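# Geometric and topological summary
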Protein chains: 2
Amino acid sequence: MIRIAIDAMGGDFAPKEQVKGTILALNEDKDFIAVLCGDEKTLKAELAAYTYDTSRVEIVHAPEVITNDDIPTKAVRTKKDSSTVATFRLLKEEKADAAVSGGATGAVLTAGVLTLGRIKGVSRPALCPRIPDLSGRGTLLCDCGANLECKSVNLVHFALMASAYAEAVYGWKNPRTGLLNNGTEDHKGDELHRETNEILKTVQGINYVGNVEGRDIMLGDVDVVVSDGYTGNIALKSIEGCGKAVSGILKREFKKNLFCKLRALLVKDVLNKVKKSADYETMGGAVFLGLTKPVVKAHGNSKAYGFSVCIAQAVNAVRGDLAGRIKTLLEKNVEKEGAGEADTEQ
Amino acid sequence: MIRIAIDAMGGDFAPKEQVKGTILALNEDKDFIAVLCGDEKTLKAELAAYTYDTSRVEIVHAPEVITNDDIPTKAVRTKKDSSTVATFRLLKEEKADAAVSGGATGAVLTAGVLTLGRIKGVSRPALCPRIPDLSGRGTLLCDCGANLECKSVNLVHFALMASAYAEAVYGWKNPRTGLLNNGTEDHKGDELHRETNEILKTVQGINYVGNVEGRDIMLGDVDVVVSDGYTGNIALKSIEGCGKAVSGILKREFKKNLFCKLRALLVKDVLNKVKKSADYETMGGAVFLGLTKPVVKAHGNSKAYGFSVCIAQAVNAVRGDLAGRIKTLLEKNVEKEGAGEADTEQ
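Residues numbered from 1 in each chain as written. Chains lettered and ligands numbered in written order. Predicted model: local features only at pLDDT ≥ 70, side-chain atom pairs only at ≥ 80, totals over all residues. Heavy atoms only, no water.

The next point concerns the overall build of chain A. Counting its regular elements, chain A contains twelve helices and twelve strands. For chain A, the C-alpha radius of gyration of 21 Å lies close to 20 Å, the compact-globule estimate for 346 residues. Counting only C-alpha atoms and orienting by the principal axes, one finds that chain A spans roughly 60 × 60 × 35 Å. Each of the 346 residues in chain A was classed as buried or not, and the buried ones make up 58%. In chain A, the share of contacts with a sequence separation of at least 24, taken over all contacts with a separation of at least 6, comes to 73%. Approximately 14,100 Å² of chain A is accessible, and the part contributed by carbon and sulfur atoms is 50%. Of note, chain A has its 46 positive side-chain charges centred 6 Å away from the centre of its 45 negative side-chain charges. (Helix = DSSP H or I, 4+ residues; strand = E, 2+ residues; numbered from the N terminus. Rg over C-alpha atoms; globule rule 2.2 N^0.38 Å. Buried < 20%, exposed > 50% of the residue type's maximum accessible area, 1.4 Å probe, protein only. Contact = heavy atoms within 4.5 Å. Areas by Shrake-Rupley, 256 points an atom, 1.4 Å probe, with all protein chains shown as cover. Lys, Arg positive; Asp, Glu negative; His and termini not counted. Charge placed at Lys NZ, Arg CZ, Asp CG, Glu CD.)

With that out of the way, let us pick up the environment of Gly214(B). By the element assignment, Gly214(B) lies in the loop between β9 (207-212) and β10 (224-226). On the accessibility criterion, Gly214(B) (2% relative accessible area) is buried. The residues contacting Gly214(B), other than those within four sequence positions of it, are Ile234(A), Lys237(A), Ser238(A), Leu180(B) and Asn181(B).

Our next topic: the sheet that holds strand β7 (residues 139-142) of chain A. Residue and element names in this part refer to chain A. Spatially, five strands are ordered β6-β7-β10-β8-β9 in an open sheet, and the strand pairing comes out mixed. Taken across any chain shown, the strands that pair with only one partner, and hence form the sheet edges, are β6 (130-131) and β9 (207-212). Inspection of the sheet shows strand β8 (residues 176-180) paired to β9 by five bridges, in the parallel sense. Following the sheet pairing, Arg176 is matched in β9 by Asn207. (Pairing = 2+ DSSP bridges.)

Okay, a nonpolar patch on the surface next. All names here are of chain A. Taken together, Leu258, Leu262 and Leu265 make up a surface patch of nonpolar side chains, about 340 Å² in accessible area. Note that Leu265 resides in helix α9 (residues 258-266). Given a relative accessible area of 59%, Leu265 falls into the exposed group. (Patch = residues over 30% accessible without salt bridge, like charges linked within 9 Å, V, L, I, M, F, W, Y side chains within 5 Å. Salt bridge = Lys/Arg side-chain N within 4 Å of Asp/Glu carboxyl O.)

With that settled, consider the packing of aromatic side chains. Taken as a whole, this structure holds four aromatic pairs over all chains when the rule is applied. Counting every residue linked through ring pairs, the aromatic cluster contains Tyr165(A), Tyr170(A) and Trp172(A). (Phe/Tyr/Trp six-rings, centres within 6.5 Å; stacked < 30°, edge-to-face > 60°.)

Looking only at α9(A), the buried set comprises Cys260(A), Arg263(A) and Ala264(A). Looking straight down α9(A), one finds its buried side chains confined to an arc of 110 degrees; they lie on one side. Exposed positions of α9(A) whose direction lies more than 90 degrees from the buried face are Leu258(A), Phe259(A) and Leu265(A). Where α9(A) is buried, its residues meet α8 (229-254) and α10 (268-277) of chain A together with α9 (258-266) and α10 (268-277) of chain B. (Arc of directions from axis to C-beta.)

A separate point is the pattern of salt bridges. Residue and element names in this part refer to chain A. On inspection of all chains with the given rule, the structure shows 36 salt bridges over all chains. Glu40 is the partner of Lys44 in a salt bridge, and the nearest nitrogen-oxygen pair spans 3.4 Å. Here the residue Lys44 and the residue Glu40 both occupy positions in helix α2 (residues 40-47), the gap between them amounting to four residues, near one helical turn. Residue classification places Lys44 among the partly exposed residues on the basis of a relative accessible area of 49%.

Glancing now at the packing of helix α6 (residues 152-170) of chain A against helix α7 (residues 191-202) of chain A. Residue and element names in this part refer to chain A. Contact geometry for α6 and α7: axes closest at 9 Å, N-to-C directions at 45 degrees. In this view, α6 runs oblique relative to α7, as classed from their interaxial angle. The interaxial crossing formed by α6 with α7 has right-handed handedness. Facing Ser152, Leu155, Val156 and Ala159 of α6, the residues of α7 in contact are Leu192, Glu195, Thr196, Ile199 and Leu200. In terms of residue class, the contact of α6 with α7 is made up of six nonpolar, two polar and one charged. (Axes fitted to C-alpha atoms, helices over the stretch in contact; angles between N-to-C directions. Parallel < 35°, antiparallel > 145°, perpendicular 65-115°, else oblique. Left-handed = near helix turned anticlockwise from the far one by under 90°. Nonpolar A, V, L, I, M, F, W, Y, C, P; charged D, E, K, R; others polar.)

Looking now at helix α4 (residues 83-92) of chain A. Each α-helix turn comprises 3.6 residues. Residues three or four places apart therefore point the same way. Residue and element names in this part refer to chain A. Among the ten residues in α4, eight count as buried, and that is most of the element. If you check which residues of α4 are buried, you get Ser83, Thr84, Val85, Ala86, Thr87, Phe88, Leu90 and Leu91. Among the residues trailing α4, Glu94 stands out with phi positive, at a value near 60 degrees.

Residue and element names in this part refer to chain B. Strands sit in the order β3-β2-β1-β4-β12-β11-β5 across an open sheet of seven strands; the sheet is mixed. Of all strands in the sheet, those bounded by a partner on one side alone are β3 (57-61) and β5 (126-128). Across this sheet, the average inter-strand angle for adjacent strands is 25 degrees, counted without regard to direction. In terms of strand pairing, strand β11 (residues 286-289) meets strand β12 (residues 295-297) through two bridges, oriented antiparallel. Each bridged residue has a counterpart across the sheet, and for Ala286 the counterpart in β12 is Lys297. On top of the sheet, helix α11 (residues 304-319) reaches β1 (2-7), β2 (32-38), β4 (98-101), β11 and β12; it is set at about 140 degrees to β1, its chief contact.

Turning next to the interface of chain B and chain A. Across the contact, 48 residues belong to chain B and 48 residues belong to chain A. In total, chain B and chain A occlude about 4,500 Å² of area from one another, counting both sides; carbon and sulfur atoms represent 70% of this. Three residues, Arg215(B), Tyr230(B) and Lys237(B), lead the burial of chain B against chain A; their summed loss comes to 13% of the area buried on that side. A salt bridge links Asp269(A) to Arg263(B), with the shortest nitrogen-to-oxygen separation between them at 2.8 Å. Listed by contribution, the elements that provide at least two residues to the side of chain B that touches chain A are α8 (229-254), α9 and α10 of chain B. (Buried area = accessible area lost by both parts, 1.4 Å probe.)

Let us look at a positive patch on the surface. All names here are of chain A. Where like charges cluster on the molecular surface, the positive patch consists of Arg77, Lys80, Arg89 and Lys92. As for its placement among the helices and strands, Arg77 is situated in helix α3 (residues 72-78). On the accessibility criterion, Arg77 (53% relative accessible area) is exposed.

This next bit is on the nonpolar core. Formed by 101 residues in total, the largest nonpolar core has its most connected members in Ile217(A), Phe254(A), Val295(A), Ile217(B), Phe254(B) and Val295(B). Grouped together as the second largest cluster of nonpolar side chains are 61 residues, Ile4(B), Ala34(B), Leu43(B) and Leu140(B) included. (Core = buried A, V, L, I, M, F, W, Y, C linked by side-chain atoms within 4.5 Å.)

Let us now look at the pairing of β1(B). Residues and elements named next belong to chain B. Among the six residues that make up β1, five are buried, leaving the element largely enclosed by the rest of the structure. Across six bridges, the pairing between β1 and β2 is parallel. Looking at β2, one finds that Ile2 is bridged to Phe32. The handedness of the β1 to β2 crossover, carried by helix α1 (residues 16-28), is right-handed. Inspection of the sheet shows β1 paired to β4 by four bridges, in the parallel sense. When the bridges of β4 are listed, Ile6 appears paired with Val100. (Right-handed = clockwise from strand over helix to strand, strands pointing away.)

What follows is the structure, given as structure tokens:
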């Protein structure tokens with residue numbers, strides 16, 4: 001059976017929401033085992049609140065916690081008994097098939113790279129969230145923060161990895177893949193983007209649709225958007241801020257006076273549906289693509305439902321053989337100039 | 001009296017909405033003269049639909065139009081009789097104090113730089129729109145597309161120019177100015193951003209608050225966000241796409257069935273207020289900062305109201321002595337290393 005290693009102590013509401021999310025996921029999908037990493041006593045106390053198939057839950061005692069204040073590389077090397085390091089150790093020792101963590105991003109990325117290592121041929125692993133869009137299906141944005149400065153070979157690998165992910169986990173056939181740029185025409189962007197755009201046109205096994213703009217991320221006409229981590233991070237957070245601002249404005253106007261408040265009650269179900277359509281929690285976590293086993297980075301402030309979606313994502317990544325598909329897609333292009341070149345700058 | 005040169009033929013709905021917008025602006029503010037550039041016969045026919053103070057409207061015959069298909073540098077040099085080139089010629093010949101155009105962005109930027117030239121000390125002019133935010137006041141984002149690749153001296157000038165603009169046109173005292181980055185901590189970003197962050201801390205005459213993230217653009221806690229043009233463009237368009245997607249989802253849910261449609265009517269006034277709060281048309285155009293006279297670039301698809309806001313913006317830029325303030329602020333820093341250095345790469 002598929003075994004998912006879960007960092008039960010990483011996250012703003014851990015371990016409470018992590019444990020609750022695990023129970024939700026176990027009830028949704030009968031075909032995996034959850035291995036919770038964290039303080040054994042605390043986790044047992046949390047688990048006691050639920051009825052569940054005890055044969056499908058294991059605990060690995062790891063009482064330490066890595067916080068956002070820790071320096072990632074140092075913390076991963078010194079806090080060997082932390083829930084995050086323990087989670088990745090399970091993968092390395094072949095005791096689990098995929099990992100889920102809502103812990104400090106830097107620590108998760110560092111532990112992933114140091115403990116698991118990269119799939120052969122991958123120049124740089126990348127963080128790939130699924131952003132809610134108008135179509136309801138979502139758009140994958142890769143990279144959104146793991147690699148600030150990129151070369152064209154890195155961007156090409158992001159395109160290959162995210163395309164493989166779209167097919168493996170979501171079953172999207174020939175996902176439409178675009179390069180984030182400041183305009184759609186071929187002459188747009190700096191030298192790196194013009195060069196990458198030309199290389200992507202020749203890459204085997206992906207459905208490259210050309211340059212796309214920031215507005216395309218949420219309009220549903222593209223499935224995968226490729227970017228360097230700096231720009232992807234800015235796009236992701238700009239969208240997050242816009243969503244929060246619009247939601248804040250809606251709340252303010254509907255609470256302006258008693259008449260508005262009463263009418264808000266009348267349309268509550270509609271507004272809730274809108275909120276759900278634009279809610280990133282329904283979209284799961286960001287997958288750290290390019291490692292030898294699937295790693296899902298849950299949002300630090302995930303609640304139980306959001307965390308359960310991340311666990312389901314990890315299970316599906318194992319079922320869809322995410323790592324195998326990335327390897328195959330990379331090998332298809334390994335002979336091609338610029339697409340398979342190794343990059344040791346990680 | 002203040003004289004505003006108006007490109008009456010540039011824009012998706014020109015000259016109809018341009019003329020209507022001009023009339024709106026003339027009625028709102030009795031203290032400026034509008035000089036419309038475009039085909040005289042067409043403009044006279046459009047104007048005939050309105051009653052207005054004829055002593056405050058002049059026409060400069062310029063029948064040609066520069067389109068998005070034209071190559072900007074070539075079009076500006078060869079289409080001398082175009083409404084866009086005629087608009088900027090008026091500024092150069094001291095026959096107008098500021099310009100407003102909804103024409104092709106490339107042509108407006110090129111005509112601005114070639115015809116008007118830069119304020120002494122400005123390394124690169126930059127495009128600065130005002131983005132709607134939760135506070136209702138808006139946030140200035142500079143640059144959002146005029147300069148794809150930047151050095152720290154350019155980013156420092158963007159901070160100075162946008163701060164001067166915030167004070168000159170909107171009267172914001174000590175506008176809170178941040179550097180767009182992938183995190184707020186000082187160690188975030190690549191070398192350029194780390195260096196720029198340190199320089200900005202030492203710049204005189206601006207209220208620098210440190211690094212800001214994409215989400216801060218719309219949350220109302222900062223007034224000016226400084227960015228290179230590539231990233232600024234991605235942020236701007238990501239926000240635009242998010243707004244469109246949320247608006248699309250709202251429409252879809254409120255039109256789902258008859259019951260939803262009926263309830264939509266009941267809350268129509270509230271939804272309209274939300275729409276207006278998030279509408280960029282109320283925020284005016286992007287100002288092309290750093291030229292010797294104020295230039296407002298209206299959105300290509302501006303309707304009359306949006307265009308009238310752009311005209312008011314141009315009038316206020318003249319009244320607030322935008323160019324003079326930028327010059328003064330730059331001079332304050334001209335002795336400082338890295339902030340006043342000339343850059344001839346434009």
